[in-house]
Amino acid sequence: MDTRSCELFRKACEVIPGGVNSPVRACHNVDSLPLFIKSGHGSHITDVDGNDYVDYVLSWGPLLLGHADADVVKALEAAAPQGTSFGAPCPAEVELAEILVTMIPGLEMVRMVNSGTEATMSALRLARGVTGRSRVLKFTGCYHGHADPFLAAAGSGVATFSIPGTPGVPAAVVSDTLLAPYNDLHAATECFSKYGNEIAAIIVEPVAANMGLVPPLPDFLEGLRQLADEYRSILIMDEVITGFRLSRGGAQKRFAIQADLTTLGKIIGGGLPVGAFGGKRELMKHVAPAGDVYQAGTLSGNPLAMAAGIATLNKLRQLDYARLESRTGAFVRSLADILRGKGVPVQAPYIASMFSIFFSETPVANFEQARAADQKLFTKFYKQMREQGIYLPPSGFETCMVSFAHTDEDFEKTLDAASRVTF
């Protein structure tokens with residue numbers, strides 16, 4: 001049946017590569033066409049054909065308060081008439097920076113940027129500039145944006161589309177990118193044994209969320225902190241997804257481990273394009289114009305994004321994270337039980353307000369194990385859930401998100417839909 005979404009996708013394919021502005025949205029991996037979304041309110045979205053869905057994508061994570069939160073919308077309505085961009089300092093960027101440094105452990109100074117990719121790219125440049133070293137250790141399946149050095153063995157859309165290597169990225173650019181399996185402290189230690197005096201930084205998602213959800217094993221993050229200290233490297237925690245979703249102080253607060261540099265995004269803009277990187281004062285003072293590591297951006301500190309971020313973080317200070325995690329956990333356990341009852345192998349990791357469904361016999365602790373999960377079963381699951389009004393990430397390598405706006409009725413509808421899925 002032809003739909004308005006189909007019509008728009010045909011038009012988009014004529015003027016936008018692949019018909020989408022970010023690859024996973026194309027839904028190729030789940031044998032589907034993308035839905036074009038007209039609106040979102042609370043935990044629900046509505047497509048251009050008028051179909052309503054319970055949303056577990058939430059713009060890939062930032063909408064912890066749900067769509068069109070009243071306080072965020074009010075803040076935007078107040079800010080927009082004052083101007084949408086200045087290319088100059090504005091009061092709101094100071095206010096948001098002050099909020100961030102009070103909430104994230106170890107964050108003493110912060111620089112606003114416009115995306116998570118900009119944040120990670122800038123943090124790595126700073127680490128290299130401060131240490132005078134070139135190499136960076138990253139973990140296979142972790143995604144840190146699409147800057148050239150991070151596209152070696154990346155997760156997210158790179159994994160979804162099985163893109164070989166890094167086309168368009170010169171080999172010399174990724175030659176300084178060292179790789180180790182996520183959760184493999186021994187492999188990381190071996191990298192340092194061989195290249196320790198050349199490694200500027202370790203960059204890691206404290207909870208991997210771009211190969212599906214893969215929490216850190218005990219002592220993994222602690223071990224990385226010790227390696228960085230021993231070899232005088234910079235530990236960068238990419239909290240673009242986990243920042244303010246795992247806790248009010250992000251993963252570092254939850255796991256009681258401080259990074260040297262932290263990258264942020266998603267939630268700190270309340271749904272608007274934003275990113276940030278920050279850390280210890282003695283590192284951040286090297287960023288221009290205070291120091292000689294250059295970074296710039298015309299729209300950095302955009303007044304609308306700052307207003308939305310301030311409203312979001314101020315509201316999150318008042319909300320009950322523990323209750324949301326308890327509700328999410330109960331829901332995910334019930335969902336896994338329903339699927340297992342259908343005779344399919346299921347792993348359903350969750351933490352805070354994030355979860356994944358892996359169709360796998362064994363727990364998933366790294367990228368190779370995530371890739372071994374049955375993607376054909378995931379496609380069947382995705383398509384039937386979408387037909388019943390449940391909007392899941394269109395890839396087994398992405399993470400489902402829950403918001404404070406999700407209701408018990410939303411969870412019940414999702415469980416009922418899952419009970420009707422056939423494999």
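In case you missed it, the structure is sitting above this.
Residues numbered from 1 in each chain as written. Predicted model: local features only at pLDDT ≥ 70, side-chain atom pairs only at ≥ 80, totals over all residues. Heavy atoms only, no water.

## A few points about the overall build of the protein
What the protein contains, in helices and strands, is 15 helices and 14 strands. Relative to the globule expectation of 22 Å for 423 residues, the C-alpha radius of gyration of the protein, 21 Å, shows essentially globular dimensions. Once the C-alpha set of the protein is aligned to its principal axes, its extents read approximately 60 × 55 × 45 Å. Per element, the accessible surface of the protein, about 17700 Å² overall, is 53% carbon and sulfur. With 37 positive and 44 negative side-chain charges, the protein shows a spacing of 1 Å between the two charge centroids. (Helix = DSSP H or I, 4+ residues; strand = E, 2+ residues; numbered from the N terminus. Rg over C-alpha atoms; globule rule 2.2 N^0.38 Å. Areas by Shrake-Rupley, 256 points an atom, 1.4 Å probe, with all protein chains shown as cover. Lys, Arg positive; Asp, Glu negative; His and termini not counted. Charge placed at Lys NZ, Arg CZ, Asp CG, Glu CD.)

## Looking at the sheet that holds strand 8 (residues 234–238)
Taken in spatial order, the 7 strands of this open sheet run 4-10-9-8-7-5-6, and their pairing is mixed. Of all strands in the sheet, those bounded by a partner on one side alone are strand 4 (109–113) and strand 6 (177–181). Along the sheet, successive strands turn relative to each other by an average axial angle of 20°, direction set aside. Sheet strands touched by helix 3 (residues 91–103): strand 4 and strand 9 (261–265). Its angle to strand 4, the strand with the most contacts, is close to 130°. (Pairing = 2+ DSSP bridges. Axes fitted to C-alpha atoms, helices over the stretch in contact; angles between N-to-C directions. Contact = heavy atoms within 4.5 Å.)

## Regarding the side chain of R245
Looking at the secondary structure, you find R245 in the loop between strand 8 and helix 9 (250–255). Buried charge without a partner: R245 forms no salt bridge, and the closest opposite charge is D55, 9.2 Å away. Side-chain polar atoms of R245 contact the backbone oxygen of V402, separated by 2.7 Å. Setting aside its immediate chain neighbours within four residues, R245 contacts L58, G61, L63, L64, I267, Y321, A352, S353, M354, M401 and V402. (Buried < 20%, exposed > 50% of the residue type's maximum accessible area, 1.4 Å probe, protein only. Salt bridge = Lys/Arg side-chain N within 4 Å of Asp/Glu carboxyl O. Polar contact = N/O pair within 3.5 Å; in protein donor to acceptor, adjacent residues only side chain to side chain.)

## Observations regarding helix 12 (residues 321–340)
With 20 residues, helix 12 ought to run about 28 Å at 1.5 Å a step, and its terminal C-alpha atoms sit 28 Å apart, in line with that. Those residues of helix 12 that sit buried are Y321, L324, R327, T328, G329, F331, V332, L335, A336 and L339. Summarising the contacts, the buried residues of helix 12 are in contact with helix 11 (303–316), strand 11 (350–351), strand 12 (354–355), helix 14 (375–387) and helix 15 (408–419). (Expected span 1.5 Å × (residues − 1).)

## Quick word on the nonpolar core
Ranked by size, the top nonpolar core spans 62 residues in total, and within it Y56, L100, F244, L313, F355, I357 and F359 carry the most contacts. At the level of elements, helix 2 (70–79), helix 3, strand 4, helix 11, helix 12, helix 14 and helix 15 are the ones that each hand at least two residues to this core. Ranked by the residues each element gives to this core, the list is headed by helix 11, at 9 residues. Not counting residues within four places of it along the chain, the set of residues in contact with I357 comprises L335, L339, V346, Q347, A348, F378 and F381. (Core = buried A, V, L, I, M, F, W, Y, C linked by side-chain atoms within 4.5 Å.)

## Quick look at the sheet that holds strand 12
Backbone hydrogen bonds hold the strands of a sheet together, and the pairing may be parallel or antiparallel. With respect to topology, 3 strands assemble into an open sheet ordered 11-12-14, the strand pairing being antiparallel. Only two strands of the sheet have a single partner each, and these edge strands are strand 11 and strand 14 (400–401).

## Describing the pattern of salt bridges
By the definition in use, this model includes 14 salt bridges. Among the salt bridges present, the one from E7 reaches K11, with a minimum N-O distance of 3.6 Å. With E7 and K11 both in helix 1 (residues 4–15) and 4 residues apart, this pair spans about one turn of that helix. Judged by its relative accessible area of 29%, E7 falls in the partly exposed class. Between D337 and R340 there is a salt bridge whose closest N-O contact spans 3.5 Å. Pair noted here: D337 and R340 are both in helix 12, with a separation of 3 residues, about one helical turn.

## Re the packing of helix 12 against helix 15
Two elements in contact, helix 12 and helix 15, have axes separated by 9 Å at closest approach and are oriented at 10°. With respect to each other, helix 12 and helix 15 are oriented roughly parallel. Residues R327, F331, S334, L335 and I338 of helix 12 lie in contact with helix 15, whose contacting residues are D408, F411, T414, L415, A418 and S419. Counted by class, the contact of helix 12 with helix 15 contains 6 nonpolar, 3 polar and 2 charged residues. (Parallel < 35°, antiparallel > 145°, perpendicular 65-115°, else oblique. Nonpolar A, V, L, I, M, F, W, Y, C, P; charged D, E, K, R; others polar.)

## Here we look at the packing of helix 3 against helix 11
One way to put it is that helix 3 packs onto helix 11 with a least axis distance of 9 Å and a crossing angle of 35°. Considering the relative orientation of helix 3 and helix 11, their crossing is left-handed. Mapping the contact onto sequence places A92, E93, E95, L96, I99, L100 and M103 in helix 3 and M306, G309, I310, L313 and N314 in helix 11. Residues belonging to the contact of helix 3 with helix 11 are distributed by class as follows: 8 nonpolar, 2 polar and 2 charged. (Left-handed = near helix turned anticlockwise from the far one by under 90°.)

## So, the packing of aromatic side chains
For the structure shown, the criterion picks out 13 aromatic pairs. For the pair Y182 and F220, a centre-to-centre distance of 5.1 Å together with 70° between the ring planes defines the contact as edge-to-face. One end of the pair, Y182, is in the loop between strand 6 and helix 7 (185–195); the other, F220, is in helix 8 (residues 220–231), with 38 residues separating them in the sequence. Here Y182 and F220 have matching classes, each one buried. Here the aromatic rings of F331 and F355 are separated by 5.7 Å at their centres, their planes lie at 85°, and the arrangement is edge-to-face. Taken together, the positions of F331 in helix 12 and F355 in strand 12 put the pair 24 residues apart, joining distant regions of the chain. (Phe/Tyr/Trp six-rings, centres within 6.5 Å; stacked < 30°, edge-to-face > 60°.)

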